[in-house]
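# Summary of structural features
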Amino acid sequence: MRINKSAALAGVAALALALSACGGGGTPSPSGSAGSESPAPGGDKISVANVVNGSLGDQGFFDDAERGMQALKTAGHKVETLQADPQNPAQWKANLESVSGGDWGVVITGTSQMVDILTETAPKFPDQKYIIYDSVVEAANVASITYKQNEGSFLAGVLAGLVATSSADFPLAGDAKIVGAVGGMDIPVINDFFVGYEAGVQAVDPSIKVLTSYVGDFNNSQKGYDQAKAMYDQGASVVFQVAGGSGIGVLQAAKDANKYAIGVDSNQNGLQTGHILASMLKNIGVSLEQAVGQAQDGSLKYGETAAYGLANDGVGLEFADNGDIVPQAVIDKIGEYKQQVVDGKLTVPTKF
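To start, this report covers the structure provided alongside it. (Residues numbered from 1 in each chain as written. Predicted model: local features only at pLDDT ≥ 70, side-chain atom pairs only at ≥ 80, totals over all residues. Heavy atoms only, no water.)

The number of helices and strands found in the protein chain is 10 helices and 12 strands. Looking at the 352 residues of the protein chain, the share that counts as buried comes to 56%. Once local pairs closer than 6 in sequence are excluded, the contacts in the protein chain between residues at least 24 apart make up 72%. Of the roughly 13300 Å² that the protein chain leaves accessible, carbon and sulfur atoms contribute 49%. (Helix = DSSP H or I, 4+ residues; strand = E, 2+ residues; numbered from the N terminus. Buried < 20%, exposed > 50% of the residue type's maximum accessible area, 1.4 Å probe, protein only. Contact = heavy atoms within 4.5 Å. Areas by Shrake-Rupley, 256 points an atom, 1.4 Å probe, with all protein chains shown as cover.)

Take a look at the structure:
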């Protein structure tokens, strides 16, 4: 069965990068109020601009960051989110420069696709403070935030391994010990998801086969669907999507194959009820709230990188609550694996 492209793309609007969706227009689209002169630490609420190299509506990465922005707005900060055409890096750069003239206390951007642009822009505006998430830019006026997606993906792999070996608990699982993962692009951050996922699967049962593939695009839900369907046709019980907007097709394929999937970046558990077991989250919105709070009180360390992993709840697995699709005993078992990572008894491999 072919996926309904219009329905799939309508749910994701647009996004760019590893973990972004499609869409966007030629004009920046604000989601908050206008900025103001940057306040001194401890004074009025600092103003925050968020430059997105794509559009909101991905049901994942950028939407999670926007939740952080809206929480900041509720807390009294002036905020604005600039969206863009996900295929237009020149527009991303123009948007970033447009909010770098001192009208905003902090400018936020994220994803590896913004690294070169911010690396070029930050020195041009030495008095502007920046936060980049999910990537690192080495500059005196940039605070970088990274996430240990390998650790969160390890838990997703443990879940997948338990699905493949516990058909009594997961009635849609087949008899074959096969699981899969579909990534957006063959880049280090996606491979960090993969290596952690595979380690989690192997920790449950080394004999389980792990299928992996790359869409080559974060905006192609049809190709994500096709690649996941091929894995289900080979006997995969569950497929982990780390493909941004393309991953929406993976979730649709799980429903059509009557199998399971694992979402990513935000709680996607309700998108295909009964088929999505959990979502591996990077708590981007929370980390941005924390970083802006530190910028407000003067404790944010520019020129340095803060890492968020299982130990500080920067990543994690959020289970579906639709009909107890994942038994509590399984959730408890995954919790034991998590604690071993937190305690240093298990070291999750990484591509970094």
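That shown, we press on.
This brings us to the pattern of salt bridges. Overall, the coordinates contain nine salt bridges when judged by the stated rule. The closest approach of N and O atoms between Asp233 and Lys229, which form a salt bridge, is 3.0 Å. Here Asp233 pairs with Lys229, and both are found in helix 7 (residues 221–233), just four residues apart, close to one helical turn. Notably, a salt bridge pairs Glu336 with Lys333, separated by 3.8 Å at the nearest N-O pair. Of this pair, Glu336 and Lys333 both sit in helix 10 (residues 328–342), three residues apart, which is roughly one turn of the helix. When its relative accessible area of 45% is taken as the criterion, Glu336 is described as partly exposed. Beyond isolated ion pairs, a larger network of salt bridges with shared partners links Lys93, Glu97, Glu120 and Lys124. (Salt bridge = Lys/Arg side-chain N within 4 Å of Asp/Glu carboxyl O.)

This part covers the pairing of strand 8 (residues 238–242). Within strand 8, five of the five residues are buried, which leaves it mostly tucked inside the rest of the structure. Alternating residues of strand 8 divide into Val238, Phe240 and Val242 and Val239 and Gln241, and every residue in both groups is buried. Looking at chain direction, strand 6 (residues 178–183) and strand 8 are connected through four bridges and run parallel. Counted as the bridge partner of Val182 is Gln241 from strand 8. Two elements, strand 8 and strand 9 (residues 260–264), share three bridges in a ladder whose sense is parallel. Counterpart to Phe240 in the pairing with strand 9 is Ile262. One crossover worth recording links strand 8 to the parallel strand 9 by way of helix 8 (residues 247–257), and it is right-handed. (Pairing = 2+ DSSP bridges. Right-handed = clockwise from strand over helix to strand, strands pointing away.)

A few words on the packing of aromatic side chains. In this structure the tally under the stated criterion is six aromatic pairs. Here the aromatic rings of Phe194 and Tyr214 are separated by 5.4 Å at their centres, their planes lie at 40°, and the arrangement is tilted. Here the residue Phe194 occupies a position in helix 6 (residues 188–204), and Tyr214 occupies one in strand 7 (residues 209–214), the gap between them amounting to 20 residues. Here a set of aromatic residues connected by ring pairs shows up, and it is made of Phe193, Tyr197 and Phe240. Over the face of the ring belonging to Tyr302 we find Lys129, whose NZ or CZ atom lies 4.9 Å from the ring centre. (Phe/Tyr/Trp six-rings, centres within 6.5 Å; stacked < 30°, edge-to-face > 60°. Lys NZ or Arg CZ within 6 Å of the ring centre and 35° of its normal.)

All right, on to the sheet that holds strand 9 then. One open sheet holds the six strands; their spatial order is 7-6-8-9-10-12, and the pairing between them is mixed. Each edge of the open sheet carries a strand with a single partner, namely strand 7 and strand 12 (315–319). Adjacent strand axes in the sheet meet at a mean angle of 20°, parallel and antiparallel pairs treated alike. Pairing analysis gives six bridges linking strand 6 to strand 7, with the strands arranged parallel. Across the sheet, Val179 pairs through a bridge with Val210, a residue of strand 7. (Axes fitted to C-alpha atoms, helices over the stretch in contact; angles between N-to-C directions.)

Let's shift gears to the pairing of strand 5 (residues 142–147). Here strand 5 lies mainly inside the structure; five of its six residues are buried. Judged from the four bridges that link them, strand 4 (residues 129–133) and strand 5 form a sheet pairing that is parallel. Note that in strand 5 the partner of Ile131 across the bridge is Ala143.

Compared with the 24 Å implied by 1.5 Å per residue over 17 residues, the 24 Å span of helix 5 (residues 149–165) between its first and last C-alpha is a close match. In terms of residue burial, helix 5 counts as a mostly covered element, since 16 of its 17 residues are buried. (Expected span 1.5 Å × (residues − 1).)

We now examine the sheet that holds strand 4. If you trace the six strands from one edge of the open sheet to the other, you get 2-1-3-4-5-11, paired in parallel fashion. Lying at the two open borders of the sheet, with one neighbouring strand each, are strand 2 (79–82) and strand 11 (305–308). On average, each strand axis in the sheet is inclined to that of its neighbour by 20°, with strand direction left out of account. Pairing between strand 3 (residues 106–110) and strand 4: five bridges, direction parallel. Following the sheet pairing, Thr109 is matched in strand 4 by Ile132.

All right, on to helix 7 then. The end-to-end C-alpha separation of helix 7 is 18 Å, in line with the 18 Å expected for 13 residues at 1.5 Å each. With a side-chain oxygen positioned 3.3 Å from the backbone nitrogen of Gln222, the residue opening helix 7 is Asn220. Directly beyond the C-terminal end of helix 7, a positive phi value near 110° is found at Gly235. (Polar contact = N/O pair within 3.5 Å; in protein donor to acceptor, adjacent residues only side chain to side chain.)

Moving on, we come to the nonpolar core. Ranked by internal contacts, the top residues of the largest apolar core, which has 69 residues, are Ile131, Tyr133, Leu159 and Phe240. Looking at which element gives the most residues to this core, the answer is helix 5, with nine residues. With sequence-adjacent residues up to four places away left out, Phe240 is seen in contact with Ser153, Ala156, Gly180, Ala181, Val182, Phe193, Tyr197, Ile262, Gly263, Val264 and Met280. Counting 19 residues, the second largest nonpolar core, distinct from the first, contains Leu82, Leu96, Met114 and Tyr130. (Core = buried A, V, L, I, M, F, W, Y, C linked by side-chain atoms within 4.5 Å.)

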